[in-house]
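Observations on the three-dimensional arrangement
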Amino acid sequence: ALKEEGNALYQRGDFEAALGKYTQALEAAPESPAAVALLTNSAACLLKLGRWAEARARCTTALEADAANVKALMRRCAACEELDRAQVTGRGGADRPG
């Protein structure tokens, strides 16, 4: 399944490809029981890629479905910290390139 393929890619450090698999799985079944895990997994990829605003958005969506999801809470916190750090260092809070 796509989630397992994404997990294997993530383990190999291919975060962009893993993100693609998680996104495909979400698009195929957005209301599935695995949707929260797919959102948090994709957020982990986005964090690794420095795409913090996107990671925060995925975590927020996950938390709308499961407000007590610890992975979503922790990853959203990490994304917010990076966005705050970017703002303080004068990058305007934008995601880092590439």
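Structure report, in brief. Source: prediction; values computed, not measured.

Before going further, it helps to examine the environment of Ala34. Relative to the helices and strands, Ala34 is located in the loop between helix 2 (15-28) and helix 3 (35-48). A C-alpha to C-alpha distance of 16 Å links Ala34 and Ala18, two positions 16 residues apart in sequence.

A full pass over the atoms with the stated rule returns one aromatic pair. Ring geometry for Tyr10 against Phe15: centres 5.0 Å apart, planes inclined by 65 degrees, an arrangement best described as edge-to-face.

Enumeration over the complete set of coordinates arrives at four salt bridges. The salt bridge partner of Lys21 is Glu5, with a shortest N-O separation of 2.9 Å. Here Lys21, found in helix 2, pairs with Glu5, found in helix 1 (residues 2-11); they are 16 residues apart in sequence, far enough to count as distant. Residue class for Lys21 comes out partly exposed when judged on its relative accessible area of 22%. For Glu54, the salt bridge is made with Arg51, and the minimal N-O distance between the two is 2.8 Å.

We now examine the packing of helix 1 against helix 3. The geometry of a pair of packed helices is captured by two quantities: the angle between their axes and the separation between those axes. Contact pair helix 1 / helix 3: the axes reach a minimum separation of 11 Å and the direction vectors enclose 25 degrees. Classified by the angle between their axes, helix 1 and helix 3 sit roughly parallel to one another. Regarding helix 1 and helix 3, the two cross each other, and that crossing is left-handed. Contact residues: helix 1 offers Lys3, Asn7 and Tyr10, while helix 3 offers Ala37, Leu38, Asn41, Ala44, Cys45 and Lys48. The class makeup of the residues in the contact of helix 1 with helix 3 is five nonpolar, two polar and two charged.

The end-to-end C-alpha separation of helix 5 (residues 70-88) is 27 Å, in line with the 27 Å expected for 19 residues at 1.5 Å each. Taken together, the buried positions of helix 5 are Ala72, Arg75, Ala79, Leu83 and Ala86. Considered in projection along helix 5, the buried side chains sweep an arc of 75 degrees and stay on one side of the axis. Across helix 5 from its buried face, at more than 90 degrees, point the exposed residues Val70, Met74 and Val88. Where helix 5 is buried, its residues touch helix 3 and helix 4 (52-65). For helix 5, the N-terminal capping position is held by Asn69, with its side-chain oxygen 3.2 Å away from the main-chain nitrogen of Lys71.

What follows covers the nonpolar core. Note that soluble globular proteins tend to have their nonpolar side chains buried in a common cluster. Judged by nonpolar contacts, the single largest core of 24 residues is most densely connected at Cys45 and Ala55. When residues of this core are traced back to their parent elements, those giving at least two are helix 2, helix 3, helix 4 and helix 5. Element by element, the count of residues in this core is highest for helix 3, at eight residues. Apart from the residues lying within four places of it in its own chain, the contact partners of Ala55 are Ala43, Leu46, Leu47 and Ala79.

Calculation rules
Residues numbered from 1 in each chain as written. Predicted model: local features only at pLDDT ≥ 70, side-chain atom pairs only at ≥ 80, totals over all residues. Heavy atoms only, no water. Helix = DSSP H or I, 4+ residues; strand = E, 2+ residues; numbered from the N terminus. Phe/Tyr/Trp six-rings, centres within 6.5 Å; stacked < 30°, edge-to-face > 60°. Salt bridge = Lys/Arg side-chain N within 4 Å of Asp/Glu carboxyl O. Buried < 20%, exposed > 50% of the residue type's maximum accessible area, 1.4 Å probe, protein only. Axes fitted to C-alpha atoms, helices over the stretch in contact; angles between N-to-C directions. Parallel < 35°, antiparallel > 145°, perpendicular 65-115°, else oblique. Left-handed = near helix turned anticlockwise from the far one by under 90°. Contact = heavy atoms within 4.5 Å. Nonpolar A, V, L, I, M, F, W, Y, C, P; charged D, E, K, R; others polar. Expected span 1.5 Å × (residues − 1). Arc of directions from axis to C-beta. Polar contact = N/O pair within 3.5 Å; in protein donor to acceptor, adjacent residues only side chain to side chain. Core = buried A, V, L, I, M, F, W, Y, C linked by side-chain atoms within 4.5 Å.

Geometry only, nothing functional implied.
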